[in-house]
Amino acid sequence: MGFCSVPSVRGFGSAARRLRVLSGRSPVRGFRHFEPRRSELDSEQSALGDDGRTWMSDGSSPLQRASKFFFENAKKYGLGADQEIIFKEFAEFLISYNEKVNLTGLKDLSLIYTKHYLNSLVLFPVLDELRKQARSFKLIDVGSGAGIPGIPIAIMRPDFEVTLNDATKKKCTFHALAIEKLGLSNAQSVWARAEDLGHVEEYREQYDLTIARSVAEMNTLVELTLPLTRVGGHFVAMKSIEPGKVELKNARNAIRKLGGEILEIKYDPYHIPESNGRRMGVVVIEKLRETDFKYPRAPGVPTKQPLKR
């Protein structure tokens, strides 16, 4: 699939008009392929950044330790030799492309493994449990940014249909190039505001699983994601645990109003430190009822005026 598409918007009023602004030439057309260069970075920084307790000094580089730790844990979820090669290619491509276009604040190749990749791995116990409940599995990563966790999921689970979504053109362009380079036939990228996408027939309530990684506070986030989630499907939010608990308390009414119910909070078993030193967790919300068509509201409104407690 390799192209960043703009959704069809026939018959969807103001949302359609906003999406037409995004349409026209494909964001990929006119861009050359950026060939990844192997990073020269080999800092003395711990492979887990500020969490040095995980690694013992064995003479190996931070990159060697970080990649070994990730691959050993990914094998528990079925990582194969071919997929390991693809993960290495994606990490190198991300670092190389990031030199030209700012996609992530992580500049060291070792930190792609210990922050982005391990963060993604936290999702797999939930993904595999939910996968048992559906014959096919459609997933959308909202606010995908540098393609995390959507691309790692597409690599590890070729039977999933994975959509990456972002409102920023340059990020969707990167998604498309990465998908094509890595040969991920089960992935695509959609360039649109989530508020608009939630009113497009081809996307509204079509996904078994909607994922978002700390792109907004929970009472805003559920308005962007639950309209995309089918009844019987789930929304999974990746959040720092302590702030996440407070956000959940504030978002309970919004979750119910949008047709959802909180199922559980799972903790990160790898103790990956966030930038604030807090521990990452996964919040699972089940979609029980259809979302009223007035949601999501117009772009920017869910952030400026989040649904009240």
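Just above sits the structure.
Since we're looking at a predicted model, the values are computed, not measured.

(A) The arrangement of the pairing of strand S2 (residues 137–142) in detail. Burial analysis of S2 places 5 of its 6 residues in the buried class, the great majority of the element. Pairing between S2 and strand S3 (residues 160–166): 6 bridges, direction parallel. Looking at the pairing, Leu139 lines up with Val162 of S3. In this fold, the crossover linking S2 to S3 by way of helix H6 (residues 150–156) has right-handed handedness. Sheet topology note: the S2/strand S5 (residues 207–213) ladder contains 4 bridges and is parallel. Opposite Asp141, over in S5, you have Ile211 as the bridge partner.

(B) Focus on unusual backbone geometry. Here the residue pair Ile148 and Pro149 is connected by a cis peptide bond, since its omega of 5° sits within 30 degrees of zero. Along the polypeptide, Pro149 turns up in the loop between S2 and H6. Positive phi, normally seen in glycine, also occurs at Glu205, with a value near 50°. The residue Glu205 is located in the loop between helix H8 (194–197) and S5 in this model.

(C) Expanded view of the nonpolar core. Core analysis: the largest hydrophobic core is formed by 56 residues, its most contacted members being Phe70, Leu127, Leu139 and Ile153. Leave out the neighbours within four places in its chain, and Leu139 touches Leu127, Ile153, Phe160, Glu161, Val162, Thr163, Tyr207, Leu209 and Ile211. In this structure, Val222, Leu258, Val283 and Leu307 belong to the second largest nonpolar core, which totals 16 residues.

(D) Looking closely at the packing of helix H3 (residues 81–98) against helix H7 (residues 169–182). It is at 11 Å that the axes of H3 and H7 come closest, and there the two elements cross at 145°. Where H3 crosses over H7, the two elements pack in a sense that is right-handed. Two secondary-structure elements touch here, H3 through Ile86, Glu89, Phe90, Phe93, Leu94 and Tyr97 and H7 through Thr173, Phe174, Leu177, Ala178, Lys181 and Leu182. Grouping the amino acids of the contact of H3 with H7 by side-chain chemistry returns 9 nonpolar, 1 polar and 2 charged.

Cut-offs applied
- Position labels on residues start from 1 in each chain and follow its written sequence.
- At least 70 in pLDDT is required for a residue's local features to be given in this predicted model, at least 80 for side-chain atom pairs to be given and counted, and no such filter applies to totals for whole chains, interfaces and linings, which use all residues.
- Note that water and hydrogens are dropped before the side-chain values are worked out from all heavy atoms of the structure.
- Three exposure classes are used, based on accessible area relative to the maximum for each residue type with a 1.4 Å probe and protein chains only: buried under 20%, partly exposed in between, and exposed over 50%.
- The helix count covers DSSP runs of H or I at least four residues long, the strand count covers runs of E at least two residues long, and both are numbered beginning at the N terminus.
- Between any two strands, at least two bridges found by DSSP are needed for them to pair.
- By the criterion used throughout, a crossover qualifies as right-handed when its path from the first strand across the helix to the second strand runs clockwise, the strands pointing away from the viewer.
- Here, the term nonpolar core denotes a set of buried Ala, Val, Leu, Ile, Met, Phe, Trp, Tyr and Cys residues that are joined through side-chain atoms within 4.5 Å.
- Note on contacts: a residue pair qualifies if any of its non-hydrogen atoms lie within 4.5 Å across the two residues.
- Axis geometry follows a simple rule: fit a line to the C-alpha atoms, using only the stretch in contact for helices, then measure angles between N-to-C directions, giving values from 0 to 180 degrees.
- Here a crossing is called left-handed whenever its near helix is offset anticlockwise from the far helix by less than a right angle, and right-handed whenever the offset is clockwise.
- Three classes are used, and their members are as follows: Ala, Val, Leu, Ile, Met, Phe, Trp, Tyr, Cys and Pro are nonpolar, Asp, Glu, Lys and Arg are charged, and the others, Gly among them, are polar.

Honestly, that's just the spatial picture; any functional story needs more than this.
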